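Working through the structure, step by step
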Amino acid sequence: MKYGIYFAYWEKEWDADQIKYIHKVKQLGFDGLEISCAMLREISDEQLLKIKKMADYENVQLTAGYGPRPQENLASPDPQVQKNAIIFFTDILKKLEKLHISTIGGGLYSYWPVDYSKTIDKARDWETSVKNVRIVGKIAQECGVNYCLEVLNRFEGYLINTCDECVRFVDEVDVPSVKVMLDTFHMNIEEDDMFAAIRKAGSRLGHFHVGENNRRLPGKGGLDWYHIGEALREIGYNGNVVMEPFVQQGGSVGSDIKIWRDLSHDADEKRLDEDAGNSVAYLRYCFSGPYSNYTN
């Protein structure tokens, strides 16, 4: 497994300079950095090449994450919005190909965060989304990108809330590049059994996010990382494990993620770095071997 972290751990705005973290994550002991596709909307080929060269130089593997805006919603009942969404994802996927990024994950089948003041028609939106994800998934396959559908908790999304739902959705799409994405924060809210959910995903699991029940770094909450690692090894998962902690209050990141108090305990950048480095070392240890190694 390769271990990465999402840039927004350090930032309060989605449009922040993400590229400066390529060097930082390597120094902290990570294999990769996850960037937001928001930065790719109006980026030049020259900038893409610069990012790729920097990642290659540092030997850092880049992955991509995204929460689509309402006008990029593949599940929308509005045909024009669906068309716009397909155009948007086609452009993004071609840029990911140029960056040699082989994984994009998030609520890519709908939009985020969901506006629950609007009427929800899950059955209709499911059917629409399956149809359009099939189209986009084939484009992703041509670009060499795994299009990973994140299972979100009920407060952030309505279409796919459990691994079982995601497996059914992926099977209906039936395109090899379209895969399941699990996130331990969301799983802790929705799954009856997190370890069984990982086993249920099996070979369909294309991307894995980790964060504590309180949105902090692994090791700073109550989740059972040893048994999570055991379940991943059982299914032979050898993909990316990306930390997605959110600990800072304020800005568009804090507002969208609903961070209403400082979870970093007033940490400065140096302390944030130390915590991240300690957490990835801890997670590597937890995921490195059978649970019995730690109990005997």
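Only a predicted model underlies this, so the values are computations on that prediction, with no experimental measurement involved.

Looking now at helix α7 (residues 194-201). Of all the residues in α7, the buried ones are M194, A197, I198 and A201. Looking down the long axis of α7, one finds its buried residues gathered within 100° of arc, a one-sided arrangement. Residues of α7 that are buried make contact with α5 (163-173), β6 (178-183), α6 (184-190), β7 (205-210) and α8 (225-234). The N-terminus of α7 is capped by D193, whose side-chain oxygen sits 3.0 Å from the backbone nitrogen of F195. After α7 finishes, the residue G202 shows a positive phi value of roughly 50°.

It is worth spelling out empty space enclosed by the protein at this point. Here the structure, examined in full by the defined rule, presents 3 cavities of 30 Å³ or more. Lining the largest cavity are Y9, R216, L217, K220, V247, L263, S264, L272 and D275. When its residues are assigned to classes, the lining of the largest cavity shows 5 nonpolar, 1 polar and 3 charged.

As a further point, take the layout of surface pockets. Think of a ball as big as a water molecule: rolled over the atoms, this probe shows where empty space is left. Its boundaries defined by the atoms lining it, the largest pocket holds a volume of some 400 Å³. Lining the largest pocket are 27 residues; nearest its centre among them are Y6, W14, Y66, G67 and W112. Classifying every residue of the lining of the largest pocket gives 10 nonpolar, 8 polar and 9 charged.

This brings us to unusual backbone geometry. Most of the time, phi is negative for any residue but glycine, and the peptide bond is trans. W112 connects to P113 through a cis peptide bond whose omega is -15°. The phi dihedral of N59 is positive, around 55°, even though this residue is not glycine. Note that N59 resides in the loop between α2 (45-58) and β3 (61-65). The exposure class of N59 is exposed, given its relative accessible area of 57%.

Relative to the elements of secondary structure, H186 occurs in helix α6. In this view, H186 contacts E150, V151, L152, N153, E156 and R215; residues no more than four positions away in its chain are not counted.

With that out of the way, let us pick up the state of the cysteines. Per the counting criterion, the structure on display carries 0 disulfides. In this model C37 remains outside any disulfide bridge; the closest cysteine sulfur is found in C148, 12 Å from its own. Given the relative accessible area of 1%, C37 is considered buried.

The next thing to look at is the sheet that holds strand β5 (residues 146-150). The 8 strands are arranged β1-β2-β3-β4-β5-β6-β7-β8 in a closed barrel whose pairing can be described as parallel. Strand-to-strand twist across the sheet, computed as the mean angle between neighbouring axes with direction ignored, equals 30°. Sheet analysis places β5 next to β6, joined by 4 bridges and oriented parallel. Residue pairing for β6: Y147 is matched across the bridge by V178.

Another aspect to go through is the packing of aromatic side chains. Considering all chains together, one arrives at 15 aromatic pairs under this definition. Consider the rings of Y9 and W10, whose centres lie 4.9 Å apart with planes at 75°: the pair is edge-to-face. Judged by centre distance (6.5 Å) and plane angle (45°), the ring pair of W225 and F287 falls under tilted. Pair noted here: W225 is in helix α8 and F287 is in the loop between α10 (269-286) and α11 (292-295), with a separation of 62 residues, a long-range link. Overall, the relative accessible area of 3% leaves F287 in the buried class. Chaining the aromatic ring pairs together yields one cluster made of Y6, F7, W14, W112 and F246. Directly above the ring of F185 sits R215, whose terminal nitrogen or CZ lies 3.9 Å from the centroid.

By the criterion of burial, strand β1 (residues 2-6) is predominantly enclosed, with 4 of the 5 residues buried. Bridge analysis of β1 against strand β8 (residues 240-243) gives 4 bridges, and the strand direction is parallel. Across the sheet, residue I5 finds its bridge partner in β8, namely M243. Strand direction decides the pairing type here: β1 and strand β2 (residues 32-36), joined by 3 bridges, are parallel. Within β2, the position partnered with Y6 by the bridge is E34. Following the backbone out of β1, through helix α1 (residues 21-28) and into the adjacent parallel β2, one traces a crossover that is right-handed.

Reading the values: rules and limits
- Residues numbered from 1 in each chain as written.
- Predicted model: local features only at pLDDT ≥ 70, side-chain atom pairs only at ≥ 80, totals over all residues.
- Heavy atoms only, no water.
- Buried < 20%, exposed > 50% of the residue type's maximum accessible area, 1.4 Å probe, protein only.
- Helix = DSSP H or I, 4+ residues; strand = E, 2+ residues; numbered from the N terminus.
- Arc of directions from axis to C-beta.
- Contact = heavy atoms within 4.5 Å.
- Polar contact = N/O pair within 3.5 Å; in protein donor to acceptor, adjacent residues only side chain to side chain.
- 1 Å grid on protein atoms, 1.4 Å probe; cavity = no way out; pocket = protein on both sides within 12 Å on 5 of 7 lines; lining within 4 Å.
- Points joined across faces, edges and corners; volume = space filled by probe spheres on them.
- Nonpolar A, V, L, I, M, F, W, Y, C, P; charged D, E, K, R; others polar.
- Disulfide = S-S within 2.5 Å.
- Pairing = 2+ DSSP bridges.
- Axes fitted to C-alpha atoms, helices over the stretch in contact; angles between N-to-C directions.
- Phe/Tyr/Trp six-rings, centres within 6.5 Å; stacked < 30°, edge-to-face > 60°.
- Lys NZ or Arg CZ within 6 Å of the ring centre and 35° of its normal.
- Right-handed = clockwise from strand over helix to strand, strands pointing away.

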